[in-house]
Structures are given as C-alpha cells and as structure tokens.
Amino acid sequence: MKKTLDHLPLRKQAELRQVVETVREAFEEAISTRRAERLKNGKILKIILYGSYARGDWVHDPVGRYFSDFDLLVIVDHEDLTDGEFWHEAENRTMPVGPDIRTPVSLIIHSLDDVNEQLDRGRYFFADIVREGVLLYDTPGAKLHKPANLKARVALEEAERHYEKWMTSSAEFQAGAGFYIGRDSPNLAAFSLHQASEHLYHCLLLVMTLYSGKAHNLAFLRKKAEGIDARLAEAWPRETKFERRCFELLREAYVKARYSEHYKIADEELAWLSARVDVLRKSTEVVCQERLAALRLGAASDV
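These numbers were taken from a predicted model, which means no experiment stands behind them.

Scoring rules and cut-offs
- Residues numbered from 1 in each chain as written.
- Predicted model: local features only at pLDDT ≥ 70, side-chain atom pairs only at ≥ 80, totals over all residues.
- Heavy atoms only, no water.
- Axes fitted to C-alpha atoms, helices over the stretch in contact; angles between N-to-C directions.
- Helix = DSSP H or I, 4+ residues; strand = E, 2+ residues; numbered from the N terminus.
- Parallel < 35°, antiparallel > 145°, perpendicular 65-115°, else oblique.
- Contact = heavy atoms within 4.5 Å.
- Nonpolar A, V, L, I, M, F, W, Y, C, P; charged D, E, K, R; others polar.
- Expected span 1.5 Å × (residues − 1).
- Buried < 20%, exposed > 50% of the residue type's maximum accessible area, 1.4 Å probe, protein only.
- Pairing = 2+ DSSP bridges.
- Disulfide = S-S within 2.5 Å.
- Salt bridge = Lys/Arg side-chain N within 4 Å of Asp/Glu carboxyl O.

## A short note on the packing of helix 5 (residues 112-120) against helix 6 (residues 124-132)
Axis angle and axis distance: for two packed helices, these are the angle between their axes and the distance between the axes, and together they describe the pair.
Alright, step 1. At a closest axis distance of 8 Å, the pairing of helix 5 and helix 6 adopts a crossing angle of 100°. With respect to helix 6, the axis of helix 5 lies roughly perpendicular. Taking contact as the criterion, the partners of Val-115, Gln-118 and Leu-119 in helix 5 are, on helix 6, Phe-126, Ala-127 and Val-130.
Alright, step 2. Along the lines of polarity and charge, the residues of the contact of helix 5 with helix 6 split into five nonpolar, one polar and no charged.

## Here we look at helix 1 (residues 10-31)
Alright, step 1. The end-to-end C-alpha distance of helix 1 is 32 Å, a good match for the 32 Å that 22 residues give at a rise of 1.5 Å each.
Alright, step 2. Listed in full, the buried residues belonging to helix 1 are Lys-12, Gln-13, Glu-15, Leu-16, Val-19, Val-20, Thr-22, Val-23, Ala-26, Phe-27 and Ile-31.

## Notes on the sheet that holds strand 4 (residues 70-76)
Alright, step 1. Strand order in the open sheet formed by four strands is 5-4-1-6, with mixed pairing between adjacent strands. Two strands in the sheet have a free side with no partner beyond their single neighbour: strand 5 (105-111) and strand 6 (134-138). Ignoring which end each strand starts from, the neighbouring axes of this sheet average 20° apart.
Alright, step 2. Relative to strand 6, strand 1 (residues 44-50) runs antiparallel, the two sharing four bridges. Residue Ile-48 lies in a different strand from strand 6, and its bridge partner there is Leu-135.
Alright, step 3. Packed on one face of the sheet, helix 6 meets strand 1, strand 4, strand 5 and strand 6 and runs near 85° to strand 1.

## Some thoughts on the state of the cysteines
Alright, step 1. Throughout the structure, instances matching the rule amount to zero disulfides.
Alright, step 2. We note that Cys-203 lacks a disulfide partner, and the nearest cysteine sulfur, in Cys-288, lies 4.2 Å from it.
Alright, step 3. Note on Cys-203: relative accessible area 0%, which makes it buried.

## Thoughts on the environment of Trp-272
Alright, step 1. Within the fold, Trp-272 resides in helix 12 (residues 267-302).
Alright, step 2. Overall, Trp-272 belongs to the buried group, its relative accessible area being 16%.
Alright, step 3. Along the chain, Trp-272 and Cys-246 lie 26 residues apart, while their C-alpha atoms are 7.8 Å from each other.
Alright, step 4. If near-sequence neighbours (up to four positions away) are discounted, Trp-272 is found in contact with Trp-236, Pro-237, Phe-242, Glu-243 and Cys-246.

## Points about the pattern of salt bridges
Alright, step 1. Enumeration according to the criterion identifies 21 salt bridges in this entry.
Alright, step 2. The residue Arg-153 makes a salt bridge to Glu-157 at a minimum N-O spacing of 3.5 Å. Placement of both Arg-153 and Glu-157 in helix 7 (residues 152-182) is noted, with a separation of four residues, approximately one turn of the helix.
Alright, step 3. You can call Arg-153 partly exposed: its relative accessible area is 46%.
Alright, step 4. Owing to a relative accessible area of 37%, Glu-157 belongs among the partly exposed residues under this scheme.
Alright, step 5. Note that Arg-251 and Glu-248 form a salt bridge whose closest N and O atoms lie 2.5 Å from each other. Of this pair, Arg-251 and Glu-248 both sit in helix 10 (residues 241-252), separated by three residues, roughly a single helical turn.
Alright, step 6. With a relative accessible area of 31%, Glu-248 lands in the partly exposed category.
Alright, step 7. Sharing partners across several salt bridges, the network here consists of Arg-11, Lys-12 and Glu-15.

Here is the structure:
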C-alpha cells in the first residue's frame, strides 16, 4: 500500500488532509457521549484512499457533470462503530462546500476484523484497496492481512448467485411498479422503481467486485457503477432539467414516496423513469454477462 499523495496536485493533497482531519474530529464527537466502553473508547485504526484518486485516473468534467469522489475506507476497531449513526456528521461536514473541501467524499466503514476476513477470502474489492490504496491515517499495531488468491471458480460461483438473486428481485420490483401505475398509486410505483434500480446496481457491483455495501442512495450507487463501466451512464441522461428532476424524484422515493405527504410524481415522470430503468437493466445485463464470461474462462483454466 502506498503512503504518499505525490501523484496528486497540491490542492487535492491539502483537501484530503482536511477531509481526514474532519472525519476524525466528527467521529470523536460522535462517540464522546457514549457510555459503553466499546463505543466511547472506539478508535479509527486506518483511513485509506482508494479508487480513481488513489490510482491517478480521476475525472473532473464540468461539461458532462461528472466528478470523481475521494473514496475512503475507514477501518475501526469494533463492528458496532460501523453503524451509520456514528458517521452522519462526518458525511455532512465533508460535503463539497466552502474553500477547504471541494471534491465529493464517499466513506465506507468497516471493522478491522471484517476487512481482514475479506482479505483472507481474497475478495477483489478489498484486495484492490490493499494493492492500489494510499494510507492516509494509521494506528501502530493495526495490521492488514495479505490478500489471498481467490480461485476463479469460487468467484464465478459467487458472482452467478449474486446475478440470479439481484436480477430476479429487481425484475419483481419493476413489475410491481407497473402494477402500482395501473392502480393509480404513483408513490408506490416510484418506490418500486427505486428498488428496481437499487437492486440492479447492487447486482452489478457484486458481480464485478463481490462487494456492494449497504447503500440505498441511488446517486452514490450510480456513481460507483458508472466508475466501473461507463456504459451504465447511458441509463440516466443529465442534459435537461426534466431528466435531472426525474432522477432526483427517483432518488428521494426510497424515503419520501413512503413517508412524506409532500412527495408528488407525475405520470409523465413515472413513464420516463420506467423507460430508463429498462435501459439500466439492459446495460447491467451486458456488463455482468461479460464479467461472468471472463470468470468462466478463468475457471476453466483452473481445472
């Protein structure tokens, strides 16, 4: 694992230092009022930059409205500390506003035991972080295991299970959306389309990396998926206000379509979203099938 940010512009290096300090401060405040020993004495053991800024292939495209995130893996000393309640403030404070932090920040939180278990199993996502990541903060004595080599046959079996499970569940939610549209229940239709999209993204991430996390935020999942394969961007045009508004309605549907009396979505918007979910499904199928084909070739050579 690298320990230097010399491949990044000085402004980006300064931003990352500020992000790390902000995350640490917010976490310390979050645990300061806890009484349980395992919580109030909790520690951040490591903060690792991974993804495009670690590799050096980040994107800054104001015209296309695409900006790579600072992807950070935060490793803590206890599984209880991975709960989102400890990280809401850190996420809020690292929003790209003001002069100090201008780059979007994406945090994933795992315990040291969990990360090492994933490395022992050879999971691609965590193995790539160890190989390509940049260590931004470290606690002496907290050791990461050497990634095991994952057999292609094992990876294939797992990826096929993920593909079958998540493609099936996504299709069910999409069928449900059609049912609710027919019953003039637009909010339930919007929620179902959200779930159909979310499950497609989890399918893609799991097939490609064997990891997807626990995210429900479609904007987050969309960016992760499109970072893996740019063809996924075809599903969601961003050129017009209507297109951007529709996606925002879909993103909000996970909570607001179920609980907010103020959430409204028009028939025209639902029709557009239904069509775009079809596009997302086709792109997901293509990318996943290509990955499965490559894994089958690898599995055949293992024999």
